[in-house]
Amino acid sequence: LHSFPTRRSSDLGVYNENLEITPDHIRLIGLNAVLEPPAVPTARRCSTSVGADPNPFGICVTGMLGAGLPPTVLRPVRDVTISGMIVHRFPSTGIVTLGADGVRIENTQATGGIEYGILLSQTKHGTVEHSRINGGDEAGIYVGDSHQAGTVLADNTVSDSGFFAMFIRDSSEIGRASCRERV
């Protein structure tokens, strides 16, 4: 986990950081901590591997990636949970998983920018549930390039997304896929 020092629950507030989780078995429990873009962006593997600006994403869960577009997943990051976070005002996407296995996003609020609220790409066994997603010019929740994904999207509320509340592309084995869309 980069750039996220240990915080006690009494330290809740607004944090101007972009995070990247790369080790296995991480639990990021936010207790409604707010994550917003920093004044000075920090380059992260999830953005540099896809040729993006240094700070377009709020939280990235990123495996070991090889060169090329889309990047080749050399080893997925495993067993990561994000819970209770409020992630907004990032220019592209609130939360990104790229090369993950067993990621769980729950009870979280994510606001999308020009792309998505939450993006799961090349990710297996992902779960997004009991979360509120706002915005994302393309879609609120996107699952893509995730063959045999085994993804569950359940009990989410998506509002003000561009074209789609949920956009599933080049992915298979999607479990429950339900959300409430507010217009």
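Here is what the cut-offs are and how they apply
Within any chain, residue numbers begin from 1 and follow the written order of that chain's sequence. It should be noted that, the model being predicted, local features are given only for residues of pLDDT at least 70 and side-chain atom pairs only at 80 or more, the latter also being counted only at that level, while totals for whole chains, interfaces and linings use all residues. As a rule here, side-chain values cover all heavy atoms of the structure and leave hydrogens and water aside. Secondary structure elements are defined from DSSP: runs of H or I of at least 4 residues count as helices, runs of E of at least 2 residues count as strands, and each element is numbered from the N terminus. Throughout this description, buried means an accessible area under 20% of the type-specific maximum (1.4 Å probe, protein chains only), exposed means over 50%, and partly exposed covers the range between. Nitrogen and oxygen atoms within 3.5 Å of one another constitute a polar contact, given that in protein one can donate a hydrogen and the other can accept it, and given that sequence-neighbouring residues count only through two side-chain atoms. One requirement defines pairing of two strands: DSSP has to find at least two bridges between them.

1. Looking at the environment of Asn32
- Assignment of secondary structure puts Asn32 in strand S3 (residues 26–36).
- Judged by its relative accessible area of 51%, Asn32 falls in the exposed class.
- Along the chain, Asn32 and Asn107 lie 75 residues apart, while their C-alpha atoms are 9.2 Å from each other.

2. What to know about the side chain of Asn18
- For Asn18, the location among the structural elements is in the loop between strand S1 (14–16) and strand S2 (19–21).
- Within the structure, Asn18 has its side chain in polar contact with the backbone oxygen of Thr42 (distance 3.0 Å).

3. Concerning the pairing of strand S4 (residues 57–62)
- Most of S4 is tucked away: six of the six residues are buried.
- Taken together, the three bridges between S2 and S4 define a ladder with parallel strand orientation. Counted as the bridge partner of Glu20 is Cys60 from S4.
- Here S4 pairs with strand S8 (residues 93–106) via five bridges, running parallel. Each bridged residue has a counterpart across the sheet, and for Thr62 the counterpart in S8 is Leu98.

4. Let's talk about the environment of Leu19
- Residue position: Leu19 is located in strand S2.
- Exposure remark for Leu19: the relative accessible area of 1% places this residue in the buried category.

5. Some points on the pairing of strand S13 (residues 139–146)
- In terms of burial, S13 is largely enclosed, as seven of its eight residues are buried.
- With five bridges connecting them, strand S10 (residues 116–124) and S13 associate as parallel partners. Residue pairing for S13: Tyr116 is matched across the bridge by Ala139.
- Here six bridges tie S13 to strand S15 (residues 164–171), and the two strands are oriented parallel to one another. Residue Ala139 lies in a different strand from S15, and its bridge partner there is Phe164.

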